[in-house]
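Examination of the molecular architecture
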Amino acid sequence: MSNVPAGVTAASGFRAAGVTAGLKASGKQDVAVVVNDGPLKNAAAVFTSNRVAAAPVHWSRRVVGDGRADAVVLNSGGANACTGPQGFQNTHSTAEKLAELLGVSAADVLVCSTGLIGEQLPMDKLLPGVADAVRQLAADGGAAAAHAIMTTDTVPKQAVRSGHNKSDHSENGQAWTVGGMAKGAGMLAPALATMLVVITTDAALESETLDRALREACRLSFDRADSDGCMSTNDTVILMSSGASGVTPGEAEFQSALTALCQDLARQLIGDAEGASHDIAIRTHNAASEEEAVLVSKAVARSNLFKAAIFGQDPNWGRVLSAVGTLPESQVAFDPDQLDVRMNGVQICRNGGIGDPRELVDLSAREVHVEIDLKAGQAEATVWTNDLTHDYVHENSAYSS
């Protein structure tokens, strides 16, 4: 078993903690704190594009505007969304509490919340929980923090990637690290971000570089994880740099590691989607542009008919074509009579019509691969989704009761 710190504390210069404050009826951990000990305090973040945004999103947008963040405090057990002026004041009070305990400015403290929309947070429990988390901050606290941000998640999500300085001739050659944690099992249909994600790195990078890298990484990862077509009010992805390694990697090298880490976390989110029994990769290729390929894959990913068919292990390619056909010609170029569809390697649709026998398709495994050939260009994109199950309906029908 490796003793290397997990997730957000894998990179040097960070401490974290996860504690039980009593926000959840289950008595499980529900408050997390991640602190950047520097020497750099650079940060970038992206947020939900949902116009009904939670109070912590409004607060954190302001905080990260100057490219600096000293810490982030997160709670599960309540979204603090649609809670009016009192909800925003509660976010402000949470940031002030952590800032006071750390000796920093509240204007440099990011806040994230997740849980039920439309209820005020119990501040008499949350603020003591923040104090408890500060007392428990540790360089190996990443795993506890990842547990504390879970809602309907069944497992915590963490990932780590390392970079190597080519001029470093030490025994292991490791020069810098990027690590992260994520939560999310439903309402996964993001734009720029998905659910709550905190990423840390000890690479020495300016906030402008972090911002560019994060947006590109999200574009190729979280933006292409579409579980149920429902966008959260609280989606936030944060990237913080401590610079503790003293190494400034090339931007392309850092971009590659960050994108791989985000894709890893995005796959974990899909893999733990509420009630899911299949993880589905929808690859659209030979499109006129990457954007058009994404549109096609997302159209299929958001088809409840298609998702229900996969749950039933029914390779119903007609539902794929009907979803693709909803896209207007002004958005996506294709000839309906030229479309091909493969499921798990079997070409069940050829030139918009009947292909190989659908009985040849085996959908019993957890992972399903759907390929759509538009025959309109050379671009491609893959979107990950999951099937629509009885358990998903049951879980979301009883979420607030």
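A brief look at the structure comes next. (Residues numbered from 1 in each chain as written. Predicted model: local features only at pLDDT ≥ 70, side-chain atom pairs only at ≥ 80, totals over all residues. Heavy atoms only, no water.)

With that settled, the discussion passes to the overall build of the chain. Assigned secondary structure in the chain consists of ten helices and 15 strands. Taking 2.2 N^0.38 as the reference for a compact globule, 401 residues should give roughly 21 Å; the C-alpha atoms of the chain span a radius of gyration of 22 Å, in line with that estimate. Seen along its three principal axes, the alpha-carbon backbone of the chain occupies a region of about 65 × 55 × 45 Å. A burial count over the chain gives 56% of its 401 residues as buried. For the chain, the share of sequence-separated contacts (at least 6 apart) that also reach a separation of at least 24 residues comes to 79%. Accessible area for the chain stands at about 15900 Å²; split by element, carbon and sulfur atoms hold 49% of it. Here the chain contributes 30 positively and 47 negatively charged side chains, and the mean placements of these two sets differ by 2 Å. (Helix = DSSP H or I, 4+ residues; strand = E, 2+ residues; numbered from the N terminus. Rg over C-alpha atoms; globule rule 2.2 N^0.38 Å. Buried < 20%, exposed > 50% of the residue type's maximum accessible area, 1.4 Å probe, protein only. Contact = heavy atoms within 4.5 Å. Areas by Shrake-Rupley, 256 points an atom, 1.4 Å probe, with all protein chains shown as cover. Lys, Arg positive; Asp, Glu negative; His and termini not counted. Charge placed at Lys NZ, Arg CZ, Asp CG, Glu CD.)

It is worth spelling out the nonpolar core at this point. For soluble globular proteins, the rule of thumb is that nonpolar side chains tend to be buried together. Among the nonpolar cores identified, the biggest contains 50 residues, and V34, V72, L74, L98, M181 and M240 are the most heavily contacted of them. Setting aside anything within four residues of it in sequence, one finds V72 in contact with A32, V33, V34, L98, L110, C112, V198, I238 and M240. (Core = buried A, V, L, I, M, F, W, Y, C linked by side-chain atoms within 4.5 Å.)

The next point concerns the packing of aromatic side chains. Taken as a whole, this structure holds two aromatic pairs when the rule is applied. Consider the rings of W176 and F254, whose centres lie 5.7 Å apart with planes at 50°: the pair is tilted. With W176 in strand β7 (residues 174-183) and F254 in helix α6 (residues 251-271), this pair connects stretches of sequence that are 78 residues apart. You can call W176 buried: its relative accessible area is 1%. (Phe/Tyr/Trp six-rings, centres within 6.5 Å; stacked < 30°, edge-to-face > 60°.)

Looking at the element boundaries, D153 is found in the loop between α4 (142-148) and β6 (157-164). Within the structure, the side chain of D153 is placed 3.0 Å from the backbone nitrogen of T151, a separation counted as a polar contact. Polar side-chain contacts of D153 include one of 2.6 Å to the side chain of K157. (Polar contact = N/O pair within 3.5 Å; in protein donor to acceptor, adjacent residues only side chain to side chain.)

This part is about the sheet that holds strand β2 (residues 31-36). Ordered in space as β1-β2-β4-β5, the four strands form an open sheet in which the pairing is mixed. Two strands in the sheet have a free side with no partner beyond their single neighbour: β1 (14-19) and β5 (109-113). Averaged over all adjacent pairs, the angle separating strand axes in this sheet is 10°, with direction ignored. Direction of pairing for β2 relative to strand β4 (residues 71-75): antiparallel, over a ladder of five bridges. Considered in β4, the bridge of V34 is made with V72. (Pairing = 2+ DSSP bridges. Axes fitted to C-alpha atoms, helices over the stretch in contact; angles between N-to-C directions.)

The next subject is the packing of helix α2 (residues 84-102) against helix α3 (residues 123-135). One can describe the packing of α2 onto α3 by two numbers: an axis separation of 10 Å at closest approach and a directional angle of 25°. In this view, α2 runs roughly parallel relative to α3, as classed from their interaxial angle. The handedness of the crossing between α2 and α3 comes out as right-handed. On α3, the residues touching N90, S93, T94, K97, L98, L101 and L102 of α2 are M123, L126, L127, V130, A131 and V134. Split by residue class, the contact of α2 with α3 holds nine nonpolar, three polar and one charged. (Parallel < 35°, antiparallel > 145°, perpendicular 65-115°, else oblique. Left-handed = near helix turned anticlockwise from the far one by under 90°. Nonpolar A, V, L, I, M, F, W, Y, C, P; charged D, E, K, R; others polar.)

Strand order in the open sheet formed by six strands is β13-β12-β11-β14-β10-β15, and the pairing between neighbours is mixed. Two strands in the sheet have a free side with no partner beyond their single neighbour: β13 (353-354) and β15 (379-386). Summarising the sheet, strand β11 (residues 340-343) and strand β12 (residues 346-350) pair through three bridges and their orientation is antiparallel. Bridged to R342 within β12 is Q347. Lying on the sheet, α6 is in contact with β10 (279-287), β14 (367-373) and β15; it crosses β15 at an angle near 40°. Contacting β10, β14 and β15, helix α7 (residues 290-301) runs over the sheet at an angle of about 25° to β15.

Turning our eyes to something else, we now look at the pattern of salt bridges. Overall, the coordinates contain 19 salt bridges when judged by the stated rule. Two residues, E216 and R219, come together in a salt bridge whose shortest N-O distance is 3.0 Å. Residue E216 and its partner R219 are located together in helix α5 (residues 207-219), separated by three residues, close to a single helical turn. Of the residues examined, E216 reaches a relative accessible area of 28% and is grouped as partly exposed. Its salt-bridge partner being R224, residue E290 comes within 2.4 Å of it at the nearest N-O pair. With a gap of 66 residues between them, E290 in helix α7 and R224 in the loop between α5 and β9 (236-241) connect regions that are remote in the sequence. Look at E290 and you get partly exposed, because its relative accessible area is 29%. One continuous salt-bridge network, built from bridges that share partners, spans K41, R68, D70 and D108. (Salt bridge = Lys/Arg side-chain N within 4 Å of Asp/Glu carboxyl O.)

Function cannot be inferred from these measures alone, as they are strictly geometric.
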